Structure formats: C-alpha cells, structure tokens
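The chain contents come next:
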Amino acid sequence: MKKPIIEVKNLIAKYDETLVLDNIDVDIYPGEVTIILGGSGCGKTTLIKNILRLYQPIQGSIKIFGKETMGLSQESLEPVLKNIGMLFQNGALLNSISVFDNIAIPLEQHTKLPAQIIEKIIKVKLHLVQLEKATNLLPSELSGGMKKRAALARSIALDPQILFCDEPSAGLDPITSVKLDELILKLKEQLNMTIVVVTHELASIHRIADKIIFLEKGKKLFHGSLAEAKKSNIPEIVDFFQSGKF
Amino acid sequence: MSMNLKDKTLILSGELTRFSVPQLFKELKKLPKSEIREIDLDNVNKIDSAGVAFLDELMQSSKTLSPEITRANESVLKAINTFSSLKIPNSSPRQEPGFFERIGTALINFKTETVQGLFLTSDIIFWSVVAVFNRKSQKKGVITQQCLLIGADAVGIISLLSLILGLILALQSAAQLRQFGANIFVADLIAISMVREMGPMMTAIIVAGRSGSAIASEIATMQVAEEIDALKVMAINPLRYIVAPKFNAMTICMPLLVIISIVVGVIGGLLVGIFYLDLTIMAYFTELFSVLTTKDLIVGLSKSLFFAWVIVIIGAYYGFNVTGGSEGVGKATTRSVVASIFAVIVLDAIFSLIYML
C-alpha cells in the first residue's frame, strides 16, 4: 500500500471572518495526477496555497513527504519547498529579469551545479515548453500564454517531486494546451512526479487525471478516480461533466 | 554515486541527480576525456535533468570522437530522451546594433517622443479647458479631491521647508550685512529671493517629487493593468477623465502653495531679524513692503503656473508611455520626477532671462 505524499486532515481556513475551507481531508499519492475541481470561489487555489503555507490555516494538519508542516517556520519549511514546484495562475515571473534568469533562480540558489550544466538544463526546460526563442526576452515582452509556459519551465527547473499547477491551460491555444498535458504526463511517467492541477478544462481532465477532488463552497464533495467521478450521482459533478466547463 | 574509467568505458553507478552532479563534474576534470569512448549507465538507478545535462556536457566536451551510451535501463533512457539538450538546435544570438544604427535610432526616438509630447501637451490643455466649462465626463467632486491631494496635503511639508529656507537665507546674509551695519536689508533679500525665485522653485520641486510622481505612477499602473484601454473601449477619453482634473487642480493649488511658501519663508527671515539682527517686526515689514512691487508677485506666481502645468504634462507623458510590468511603473515614476525637476529649473532660468530683458 502506497503512503500518501501529501496528507491534509481537518483543514480549516478563513479570509477575515469568511470560512473558505471547511474541514478538508485530502490524501494525494505519489506519481499521480490529482485534479482539483469546483466552481469559482470554491477554495481550489486557497487549498493549494494553504498546503504550501502561503496562507496560514486556522487549524488542521498538513503532512508533506510525511513531515508535519503546520507550525513550521519559513526556514524549517524550506527543505520541503525545495522539492515542490508551483505554477501560479498568472505565471508570477520576475519582471525585471529575462526568462533565462527567471529559470536560473532555483538552480543557482538551491544547487551547486556548474554554469554549463545550469545552462543546459534551462535550454531543455525551455525546449520542453516550446519557448527556446524567448530565452533572452523579458517577461513583459511575452504573451500571456508564453508567460505561463516560461513559469512552468521555472517550476520544473529542479525536477521537483511535487508540482502544483493553478489553471495551467487557461489562456493557452488548444494545441499548446495538449502539448502541456503531454508534458505533465511525461513528467509523471519519467520522473514519477506527483502533480496537483487546478483546472476547468474537461478535455485536459480526460487526458491527464488519475484522481479528482471536487470542492463546493469550501467543502470536499468528492475524492476518487476519474472513472468514479463520471459515475457519481452528486448533482454538481454530474452538471460539470455534462456542461463541460464551470 | 561513483564513476570509474575502465578500458575506455566510463562506468557510472548510483543516482545521477542534481545532488551528485557537482561532485562528478569536479572528478570528470581529472579524467582524460579524450580516452572515453563509451558510457555505461547500467547501474544508474535514478537520473534527473541535471544528470542528463551532465551526460550532454560529457559528450560535447570530447574534442575527438563523442562517446556513446552503451548500456542503460529503460527508465534512464526515457529520461535522457526527454531531457537531452543535444537534439535542440542552437538559437542564433541577438545581433547588436552598430554605432551609426544606435545614433540613428536615438534621433528617430527623440523626434517621435518630441512629437508625441507636443500632441499630448496640446490635448491635455484642450481637455482641461473643456473640463472647466463642461464637467459632464468627470466624477463629481474630483477637482476638490485632487486639490486636497495635491494642495492641502502638501501644506505641511512646504511650510516646514520654506521656514528652514527663510532661516538659512537670512542667516547666510546676516553675518555679511552686520559688518556694514546694513541689518535692515535682510528684509529686502528675503522678500526678493522668496517671491521671485526660491518660493516658486522650492514649491515646484516639492510638488514634482510628491504629486508629479503620484501622477506618473497612477497613470502607469492603469496603463499596465489595461485600465486605460478599458476607458478607451468605453469611449471615455483618458486625458479628459484622468489628467484634466489633475491639471486643473494643480493650476488652482500651485499659486496658493507658492503664496504659503513665500509667507512662511518671510517669517523665517523675520525670526533671524528679531533674534540675531535686533530688528523690530514693524521695521522688517516696512522695509519688506517698500522693496516689493506688484511685478515681483506677478513674476513669482506666473512662473508657478507654468511649473504646475509642466509637472502634470511630464507625469502624464511618462505614465502613458510606460512599457513592461511593475518594474516599468517604477522606471516611469523615477524618470518623470527627474524630468520634472530638470524642466522646472530650465524654465526658471528662461523666466529669469525674459524678466531681465
């Protein structure tokens, strides 16, 4: 029996006085692609950001790689974060430096790799996201989709064990979106990467999903395989698979 | 992780990852690379993109025949296939422009920017005049709100700096005037310098730093966030909606701030006159009013109006022409403050020449 790589128990989170995550229990297993689904404002991004401790939950337990991260200081959390990649919704690239330098940040900060090796890794990562020609450009010179791909290259620079993607396909053309899904599958199969994706794209879900977590108004409605989700009688999930998109 | 060279075969075993590559890279330098013909990865049980990059570097660095990977398990071969940089063609480097090309580009840019600046100036003046008579497209109370931000909020800092300036001017001259028994002339010096030069210029420099930067950063942020585009799509002229109220508020506030600056500066001089030069309040003000003319006041206040307009126009120009994201906003703000202060000083020099003629 595989042990979960991320274990969330009784997680409660609030924005001011508003409850946004209500007693969430989630187990995410290594080498799987887990999709977090739900309507706008249901707490999908909040859940990811709480797991990564970008937000401070009110109560609960979050274990990553078997280590309890609740109550850890930022310094103590760093070894855990070095094995995690995050693709933010708007890319979150540093605007003042080139795409190359953005991807170099984690490699230069967290490894002792020589410059030639770092250069080769960046070249490959940009090739994987089809951005070879954007190496020396500034983020402000990129389109929305290119920014997202550059940010994905940065998030996989260190071949993290866990990759979080917040709406990776949003703003991308269908061909790039398919290639992005293929890359996610490649990362899963070849590096045994655990990938957590927030998305609304039904086609993308069919291509990559192993497990589905469905949130509604801060509560977990469903957690299971894609096949189980499709057979579910829960009205919100039925609506989702019938309408195609939220 | 270990690495051995045996019969021209480099045998690697263990994990070939970002943690082991730095050490292997050092060890590789000690080996005779030209002798490596084959690479055996059969005992490598884990590899990541840093490991593949190490293998690529090894294969590329051989000056003679490139070594070949002879044995590797399937998962390692898959990773090599995904992360190898050898199959990616080298992108051609950006061509740097030559000396004459750069001069040409700079001249063309200067011409374009000048024309843009002149059009923007005429548009701002036009819409600001229109806004005085037709307030339909403005938010209610926007001029009052802008007057509070540009004028009322600046009264404190302008008063404090003008008081200090008055004190400094009076103290610097007092020692010299005392030697000749000409103490009373400190009032003349303060009156002329504060009304004609220091009052308007000091106020303009402070306003450029406070309000000019605020105008540039506000417009630049709106430009970056596509708010300006949104206004245009809604058929709202951004100059009329955003800049005109600031222009009109600045036109009202700047002369008032200059008057406050002059009055407080004169009080600063008076303090030195009373406590250091033994002058009476009556003597100080009698001398001050005897030397001041209406022309001096007109010169000082008319200058301040031009300073106000230049600060708004420059702030708007850099705000609308911002490029890039958050960093661009910072650059636009800095450039607008530097350009505004430079323009204020140059304008002051021009006015000095005009009034001398």
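From a predicted model like this one, the values you see are computed outputs, not experimental measurements.

1. Section: the overall build of chain B
Per the secondary structure count, chain B includes 12 helices and 4 strands. For chain B, whose C-alpha radius of gyration is 35 Å, the value lies well above the compact-globule estimate of 21 Å for 357 residues. Principal-axis analysis of the C-alpha atoms gives chain B an extent of 105 × 60 × 40 Å. Across the 357 residues of chain B, 45% fall into the buried class. Long-range pairs, those at least 24 residues apart, make up 82% of the contacts in chain B between residues at least 6 apart in sequence. Of the accessible surface of chain B, which amounts to about 19,000 Å², a share of 65% is contributed by carbon and sulfur atoms.

2. Side note on the sheet that holds strand S1 (residues 2–6) of chain B
All names here are of chain B. Pairing is mixed across the open sheet formed by 4 strands, whose spatial order is S1-S2-S3-S4. Both outer strands of the open sheet, S1 and strand S4 (68–72), are each paired with one neighbouring strand and no more. With strand direction ignored, the average angle separating the axes of adjacent strands in the sheet is 20 degrees. Where strand S3 (residues 38–47) meets S4, 4 bridges bridge the pair, whose relative direction is parallel. When the sheet's bridge partners are listed, Asp40 is paired in S4 with Arg71.

3. Regarding the domain arrangement of chain B
As far as domains go, chain B holds domain 1 (2–83) and domain 2 (105–356). Taking only C-alpha atoms into account, the centre of domain 1 of chain B sits 68 Å from that of domain 2 of chain B.

4. Some remarks on the packing of aromatic side chains
Residue and element names in this part refer to chain B. Summed over the entire model, instances satisfying the criterion amount to 12 aromatic pairs over all chains. Judged by centre distance (5.5 Å) and plane angle (90 degrees), the ring pair of Tyr284 and Phe285 falls under edge-to-face. Residue Phe285 is classed as partly exposed on the basis of its relative accessible area, which comes to 26%. Taken together, a centroid distance of 6.1 Å and an interplanar angle of 25 degrees make the contact between Phe285 and Phe289 stacked.

5. Describing the side chain of A:Thr199
Residues and elements named next belong to chain A. Mapping Thr199 onto the fold places it in the loop between strand S8 (194–198) and helix H7 (202–208). A polar contact is formed between the side chain of Thr199 and the backbone nitrogen of Glu201, at a distance of 3.1 Å. Excluding anything up to four places from it in sequence, Thr199 contacts Ile35, Ile36, Leu37 and Ile205.

6. Describing the sheet that holds strand S10 (residues 219–225) of chain A
Residue and element names in this part refer to chain A. Taken in spatial order, the 6 strands make up an open sheet running S6-S7-S8-S3-S9-S10, and their pairing is mixed. Unpaired on one side and paired on the other, strand S6 (84–87) and S10 mark the two borders of the sheet. Taken pair by pair, the neighbouring strands of this sheet meet at an average axis angle of 15 degrees, ignoring direction. In the packing of helix H6 (residues 174–191) onto the sheet, the strands contacted are strand S3 (33–37), strand S7 (162–166) and S8, and the crossing angle to S8 comes to about 155 degrees.

7. A closer look at the environment of B:Lys111
All names here are of chain B. Tracing the chain through its elements places Lys111 in helix H4 (residues 99–133). When its relative accessible area of 59% is taken as the criterion, Lys111 is described as exposed. Distance from Lys111 to Ser213, taken between C-alpha atoms, is 25 Å for residues 102 residues apart in sequence.

8. Describing the pairing of strand S4 (residues 59–64) of chain A
Residue and element names in this part refer to chain A. The sheet contact formed by strand S1 (residues 6–15) and S4 spans 5 bridges and is antiparallel. Bridge pairing links Val8 to Ile62 in S4. Here S4 runs beside strand S5 (residues 67–68); their pairing, made up of 2 bridges, is antiparallel. Within S5, the position partnered with Ile64 by the bridge is Lys67.

9. Some details on the layout of surface pockets
Residues and elements named next belong to chain B. Here the largest pocket is characterised by a volume of approximately 820 Å³. Around the largest pocket sit 29 residues that line it, and Glu113, Tyr317, Tyr318, Asn321 and Arg335 are the ones nearest its centre. Secondary structure elements with two or more residues in the lining of the largest pocket: H4, helix H11 (294–320) and helix H12 (326–356). Tallied by class, the residues present in the lining of the largest pocket amount to 12 nonpolar, 12 polar and 5 charged.

10. Let's talk about the interface of chain B and chain A
Of the residues lining the interface, 28 residues belong to chain B; the matching set on chain A comes to 29 residues. It is B:Arg18, B:Phe83 and B:Ile88 that lose the most area in chain B upon contact with chain A, and together they represent 28% of the buried surface on that side. Scanning the region where chain B abuts chain A turns up 1 salt bridge. Two residues, A:Lys120 and B:Glu57, come together in a salt bridge whose shortest N-O distance is 2.8 Å. Taken together, chain B and chain A are joined by 6 residue pairs in polar contact (both at pLDDT 80 or more). Where the side of chain B that touches chain A is concerned, the elements lending two or more residues are helix H1 (21–30), helix H2 (49–61), helix H3 (74–83) and H12 of chain B. Partitioned by chemical class, the residues of the side of chain B that touches chain A number 11 nonpolar, 9 polar and 8 charged.

11. Quick notes on the confidence of the model for chain A
Should the pLDDT be low somewhere, the predicted coordinates at that spot are not to be read in detail. A residue-level look at chain A finds 98% of positions with pLDDT of 70 or above and a mean pLDDT of 89. Averaged pLDDT values over the elements of chain A bottom out at 83 in helix H9 (residues 235–243) of chain A and peak at 95 in S8(A).

12. Let's talk about the packing of helix H7 (residues 185–224) of chain B against H11(B)
Residue and element names in this part refer to chain B. The contact between H7 and H11 brings their axes to 8 Å, and the two run at 20 degrees. In this view, H7 runs roughly parallel relative to H11, as classed from their interaxial angle. H11 is crossed by H7, and the crossing has right-handed handedness. Considering only residue class, the contact of H7 with H11 consists of 18 nonpolar, 5 polar and 4 charged.

13. A short note on a nonpolar patch on the surface
A contiguous nonpolar patch, built from B:Ile252, B:Leu256, B:Ile259, B:Val263, B:Ile267, B:Leu271 and B:Phe275 and spanning about 630 Å² of accessible area, is present on the exposed surface. Turning to its location among the elements, B:Ile259 is positioned in helix H9 (residues 238–275).

14. Here's the deal with the packing of H1(B) against H2(B)
Residue and element names in this part refer to chain B. At their nearest, the axes of H1 and H2 sit 10 Å apart, and the two run at 15 degrees to each other. With respect to H2, the axis of H1 lies roughly parallel. In this structure, H1 meets H2 at a crossing whose hand is right-handed. Together, Val21, Leu24, Phe25 and Leu28 of H1 and Ala50, Gly51, Phe54, Glu57 and Leu58 of H2 make up the contact between the two elements. Within the contact of H1 with H2, the residues separate by chemical class into 7 nonpolar, 1 polar and 1 charged.

Criteria and thresholds
- Residues numbered from 1 in each chain as written.
- Chains lettered and ligands numbered in written order.
- Predicted model: local features only at pLDDT ≥ 70, side-chain atom pairs only at ≥ 80, totals over all residues.
- Heavy atoms only, no water.
- Helix = DSSP H or I, 4+ residues; strand = E, 2+ residues; numbered from the N terminus.
- Rg over C-alpha atoms; globule rule 2.2 N^0.38 Å.
- Buried < 20%, exposed > 50% of the residue type's maximum accessible area, 1.4 Å probe, protein only.
- Contact = heavy atoms within 4.5 Å.
- Areas by Shrake-Rupley, 256 points an atom, 1.4 Å probe, with all protein chains shown as cover.
- Pairing = 2+ DSSP bridges.
- Axes fitted to C-alpha atoms, helices over the stretch in contact; angles between N-to-C directions.
- Domains from an automatic or database assignment.
- Phe/Tyr/Trp six-rings, centres within 6.5 Å; stacked < 30°, edge-to-face > 60°.
- Polar contact = N/O pair within 3.5 Å; in protein donor to acceptor, adjacent residues only side chain to side chain.
- 1 Å grid on protein atoms, 1.4 Å probe; cavity = no way out; pocket = protein on both sides within 12 Å on 5 of 7 lines; lining within 4 Å.
- Points joined across faces, edges and corners; volume = space filled by probe spheres on them.
- Nonpolar A, V, L, I, M, F, W, Y, C, P; charged D, E, K, R; others polar.
- Buried area = accessible area lost by both parts, 1.4 Å probe.
- Salt bridge = Lys/Arg side-chain N within 4 Å of Asp/Glu carboxyl O.
- pLDDT = per-residue confidence, 0-100.
- Parallel < 35°, antiparallel > 145°, perpendicular 65-115°, else oblique.
- Left-handed = near helix turned anticlockwise from the far one by under 90°.
- Patch = residues over 30% accessible without salt bridge, like charges linked within 9 Å, V, L, I, M, F, W, Y side chains within 5 Å.

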